[in-house]
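# A look at the structure
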Amino acid sequence: MKFTGSDISVVGLFGFVIVLTLVEMYFSYMHDRKLYTKRDTWTNIYLMTAAIVINLATKTGTFFLLSYCYEFRLFQIQNIWIYWLVLILAQDFLYWFLHTVGHYVRFFWAAHVTHHSSEHFNLTTGFRSTVFEPLYRVFFYLPLAFMGFTAVDILFAYLVTQIYGNLVHTQYNIKFPKWYEYIFVTPSHHRVHHASNVRYLDKNMGMVLILWDRWFGTFQAELPEDEVKYGLTTQPKDTGPMNIIFHEFIALSADVKKAPRFIDKVKYIFNPPGWSHDGSTKIAKVMQQELRQAEVLKKEDNITNIHEQKRELSSAG
């Protein structure tokens, strides 16, 4: 069997991630940080395995579709350095768009939610895959084929950026230069993304570049006064192997059934998670707006109290 340079690179990069994961496990155990639990780690491995199976099952179709669209490419970049630079940037932007859709359209959230269902955050969380994403991910990457990028190169670029995305799943505080934190996704940025705090919901969607979030209004810095709480706003009670994958599809189906009008049924599918026809639940943007209003009122109350205390002291004097 002959291995290509891409094969060797992918194996080497995955091997690097595995070694780092074992190192993080070791230091977590030695320092008693409890970043890992057996059940959570095995769930991550199980979800990764399920995603790999679907990836392999759809690989031929994915490759064929990208190759077919490549035949209708609009242009071809000849310079190899510009070719790979544009491919990585375009692929990373399209991933940001795919990821954002996964948070703002409930049907896709039902598939993506597995990645956010852990109440722990470590390097194996990066393996906690969106199991059904391989079934539709290729359609988000079709523009790359029309831009003159081959199927092999598109898939390789995705693997490379995916590995970078895995590396930011850590609670260890790593200091980066400010210019780096402004451009690239860091562990701090991604901790925010996995938080269930209202302030942090649906933020920092980028895989490699955090610029997309800064430019399109989905950026949120990690704040010391709002400590990250990992997981979902409502954790599934049953974390068994089947329910962890299908629980949000089950909840979505129940909401569609109870909707009184056809238009409401459609809205449950395509509106953001939390939308309800009777207002009994709220989407993240509404909750964040209420949080900001509450914080403004609290700040105004604090200022008023300070002024009153000053007047009392002045009167007493």
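For the structure, check the block above.
Anyway, here's the lowdown on the structure attached to this text. Treat the numbers as computed from the prediction; the structure is a model and nothing was measured.

### Things to note about the nonpolar core
If you look at the biggest cluster of nonpolar residues, it comprises 37 residues, and the most contacted ones within it are L66, L87, Y141, L144, F149 and I154. Residue assignment for this core shows that the elements contributing at least two residues are α2 (38-70), α3 (80-104), α4 (106-116), α5 (137-146) and α6 (151-167). A total of 8 residues in this core trace back to one element, the largest contributor, which is α3.

### Section: the side chain of E248
Note on placement: E248 falls in helix α10 (residues 243-258). Of the polar contacts made by the side chain of E248, one reaches the side chain of R106; its length is 2.8 Å. Every residue in contact with E248, bar those within four places of it in the chain, is listed here: R106, W109, A110 and V113.

### Quick notes on the pattern of salt bridges
A side chain with one charge may pair with a side chain of the opposite charge, provided their charged atoms come close. Enumeration over the complete set of coordinates arrives at 11 salt bridges. A salt bridge links D40 to R128, with the nearest nitrogen and oxygen atoms 3.3 Å apart. In this pair, D40 sits in helix α2 while R128 sits in the loop between α4 and α5, placing the two residues 88 residues apart along the sequence. Of the two residues, D40 and R128, neither departs from the other in class, the shared state being buried. The shortest N-O distance in the salt bridge between E290 and K282 comes to 2.9 Å. Looking at E290, the relative accessible area reads 35%, which means it is partly exposed. The network of salt bridges with shared partners includes R106, E248, D255 and K258.

### Description of the packing of α3 against α4
The geometry of α3 relative to α4 is characterised by a closest axis approach of 6 Å and an angle of 100 degrees between their N-to-C directions. Considered as vectors, α3 and α4 are oriented roughly perpendicular to each other. Contacts from H99, V101, G102, H103 and Y104 in α3 reach R106, F108, W109, H112 and H116 in α4. For the contact of α3 with α4, the per-class residue count stands at 4 nonpolar, 5 polar and 1 charged.

### Structural notes on the packing of aromatic side chains
Within the structure shown, the criterion is met by 24 aromatic pairs. With a centroid separation of 6.0 Å and an interplanar angle of 45 degrees, the aromatic rings of F93 and F216 are classed as tilted. Here F93 is found in helix α3, whereas its partner F216 is found in helix α9 (residues 211-216), with 123 residues between them in sequence. Exposure remark for F93: the relative accessible area of 28% places this residue in the partly exposed category. When the centroid spacing of 5.8 Å and the interplanar angle of 55 degrees are considered together, the rings of F97 and F140 count as tilted. Remark: F140 occurs in helix α5 and F97 occurs in helix α3; sequence separation between them is 43 residues.

Thresholds, definitions, all that
Residues numbered from 1 in each chain as written. Predicted model: local features only at pLDDT ≥ 70, side-chain atom pairs only at ≥ 80, totals over all residues. Heavy atoms only, no water. Core = buried A, V, L, I, M, F, W, Y, C linked by side-chain atoms within 4.5 Å. Buried < 20%, exposed > 50% of the residue type's maximum accessible area, 1.4 Å probe, protein only. Helix = DSSP H or I, 4+ residues; strand = E, 2+ residues; numbered from the N terminus. Polar contact = N/O pair within 3.5 Å; in protein donor to acceptor, adjacent residues only side chain to side chain. Contact = heavy atoms within 4.5 Å. Salt bridge = Lys/Arg side-chain N within 4 Å of Asp/Glu carboxyl O. Axes fitted to C-alpha atoms, helices over the stretch in contact; angles between N-to-C directions. Parallel < 35°, antiparallel > 145°, perpendicular 65-115°, else oblique. Nonpolar A, V, L, I, M, F, W, Y, C, P; charged D, E, K, R; others polar. Phe/Tyr/Trp six-rings, centres within 6.5 Å; stacked < 30°, edge-to-face > 60°.

Spatial relationships are all this shows, so hold off on functional conclusions.
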